[in-house]
Amino acid sequence: MEIIILLYSLLLGSFFNVVGLRVPLKQSIVKPRSACPGCGHTLKAIELIPVLSYLIQGGKCRQCKRRISPLYPIMELSTALLFLFAYWQIGWTFEVIFAWTLISLFIIIFITDIKYMLIPNRILLFFIPLFLIERIILPLEPWWDSLLGAAIGFSLLLMIAVISKGGMGGGDIKLFGVIGFALGSKLVLLSFFAASVFGGIFGVIGMALGYFKKGESIPFGPFIGIGTLVVYFYHQHILDWYFSFF
Ligand SMILES: [Zn+2]
């Protein structure tokens, strides 16, 4: 089972790279075939093997030797490891399908937000019906917590965007609506808290190391993804730990 999940998720990760790079530019995700941005050389099957091709070619195009971004193999590997992790945590139940959907959404957003500082509507619109179907099959307890979560996630972020005068993008606001629907009212609040903590830590370290200046905007999407996945898998531990102080 693990081998099948590993192979499929590596291929999916590779596909998410294409989706994440092309959808924000409104390009087709099937045509044309992937090519080197340096020399235009169309990639052959041997150059399209997830992670392995990158390693074999030493991170360079086979033709023009231009460096290939390590983001691609990293995202492929992350997809595979997260898919396997979810399977080990949850086991072979319907819930694991939900977890894989959540991971897929965040991998794609990680790429679009890092590359283009954008969380495209088209990506959210693709995932909304998936979460809707999954929450009909496997509703939250009570079922309307999905609606409450969506309302809380959306309005909380909208409020912050208004107060911070554009410190939060429209994509972040809509994404939190989707997260609220998928995870419910309690977890969406925890997710926002976790995303802010991770983003804050990264911001402080990044500024200290001189990667960017104060006031420079950094994409929030990657931290929303990391925060939400941590909360999804570990919320019980986080809540137990929190309430142990009282
Ligand atoms: Zn090339």
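Residues numbered from 1 in each chain as written. Predicted model: local features only at pLDDT ≥ 70, side-chain atom pairs only at ≥ 80, totals over all residues. Heavy atoms only, no water.

A. Expanded view of the domain arrangement of the chain. Domain annotation of the chain identifies domain 1 (1-81) and domain 2 (93-246). Relative placement of domain 1 and domain 2: their C-alpha centres are 26 Å apart. Counting from both sides, the interface comprises 14 residues of domain 1 and, opposite them, 13 residues of domain 2. Summed over both partners, the interface of domain 1 with domain 2 buries about 1,400 Å², with 84% contributed by carbon and sulfur atoms. Three residues, Phe16, Pro24 and Met75, lead the burial of domain 1 against domain 2; their summed loss comes to 35% of the area buried on that side. Scanning the region where domain 1 abuts domain 2 turns up zero salt bridges. Put simply, domain 1 and domain 2 have one residue pair in polar contact (both at pLDDT 80 or more) between them. At the level of secondary structure, the elements contributing two or more residues to the side of domain 1 that touches domain 2 comprise α1 (2-22) and α3 (71-90). With six residues, the single largest contributor to the side of domain 1 that touches domain 2 is α1. (Domains from an automatic or database assignment. Contact = heavy atoms within 4.5 Å. Buried area = accessible area lost by both parts, 1.4 Å probe. Salt bridge = Lys/Arg side-chain N within 4 Å of Asp/Glu carboxyl O. Polar contact = N/O pair within 3.5 Å; in protein donor to acceptor, adjacent residues only side chain to side chain. Helix = DSSP H or I, 4+ residues; strand = E, 2+ residues; numbered from the N terminus.)

B. A look at the pattern of salt bridges. Applying the stated criterion to the full structure yields one salt bridge. Ionic pairing is found between Arg62 and Glu47, a salt bridge with its closest N-O pair at 3.6 Å. You can see Arg62 sitting in the loop between α2 (52-56) and α3 and its partner Glu47 sitting in the loop between α1 and α2, a full 15 residues away along the chain.

C. Quick peek at the coordination of the zinc ion. Coordination of the zinc ion by the protein comes from Cys36 (SG), Cys39 (SG), Cys61 (SG) and Cys64 (SG), over a distance range of 2.3 Å. Spacing between the donor residues of the zinc ion along the chain follows C-x2-C-x21-C-x2-C. On the criterion of sequence distance, the pair formed by Cys39 in the loop between α1 and α2 and Cys61 in the loop between α2 and α3 is long-range, its members being 22 residues apart. Residue Cys39 is classed as partly exposed on the basis of its relative accessible area of 33%. Using a relative accessible area of 5% as the deciding quantity, one classes Cys61 as buried. (Donors = N, O, S within 2.8 Å, 3.2 Å for Na, K, Ca; no water. Buried < 20%, exposed > 50% of the residue type's maximum accessible area, 1.4 Å probe, protein only.)

D. Representation of unusual backbone geometry within the structure. In this model, Lys31 is joined to Pro32 through a cis peptide bond whose omega is -5 degrees. Tracing the sequence through the fold places Pro32 in the loop between α1 and α2. Pro142 follows Glu141 through a cis peptide bond whose omega is -10 degrees. Note that Pro142 resides in the loop between α5 (121-137) and α6 (145-163).

E. Spotlight on helix α8 (residues 221-243). With 23 residues, α8 should reach 33 Å at 1.5 Å per residue; the first-to-last C-alpha distance of 29 Å falls well below that figure. Of all the bends in α8, the greatest measures close to 80 degrees and is centred on Tyr234. Where α8 is concerned, the buried positions are Gly221, Pro222, Phe223, Ile224, Gly225, Gly227, Thr228, Leu229, Val231, Tyr232 and Phe233. If you follow the buried residues of α8, they end up packed against α3, α4 (94-116) and α7 (170-208). (Expected span 1.5 Å × (residues − 1). Bend = angle between axes of the 7 residues up to and from the residue.)

F. Up close: the packing of aromatic side chains. Throughout the structure, instances matching the rule amount to 17 aromatic pairs. On the numbers, 5.1 Å between centres and 50 degrees between planes, the contact of Phe202 with Phe223 is tilted. You can see Phe202 sitting in helix α7 and its partner Phe223 sitting in helix α8, a full 21 residues away along the chain. On the basis of relative accessibility, which here comes to 10%, the residue Phe223 falls in the buried class. Ring geometry for Trp241 against Phe245: centres 5.1 Å apart, planes inclined by 85 degrees, an arrangement best described as edge-to-face. (Phe/Tyr/Trp six-rings, centres within 6.5 Å; stacked < 30°, edge-to-face > 60°.)

G. Seen up close, the environment of Phe192. Structurally, the position occupied by Phe192 is in helix α7. Once you skip the residues sitting within four places of it in the chain, Phe192 turns out to touch Leu156, Leu157, Ile160, Met168, Phe176 and Phe220.

H. Molecular detail of the side chain of Asp145. Here Asp145 shows up in helix α6. One buried charged residue, Asp145, remains without a salt bridge, the closest side chain of opposite sign being Lys186 at 5.5 Å. Only 2.6 Å separates the side chain of Asp145 from the side chain of Ser185, close enough to count as a polar contact. Ignoring any residue separated from it by four or fewer positions in sequence, one finds Asp145 in contact with Leu140, Gly180, Gly184 and Ser185. (Lys, Arg positive; Asp, Glu negative; His and termini not counted.)

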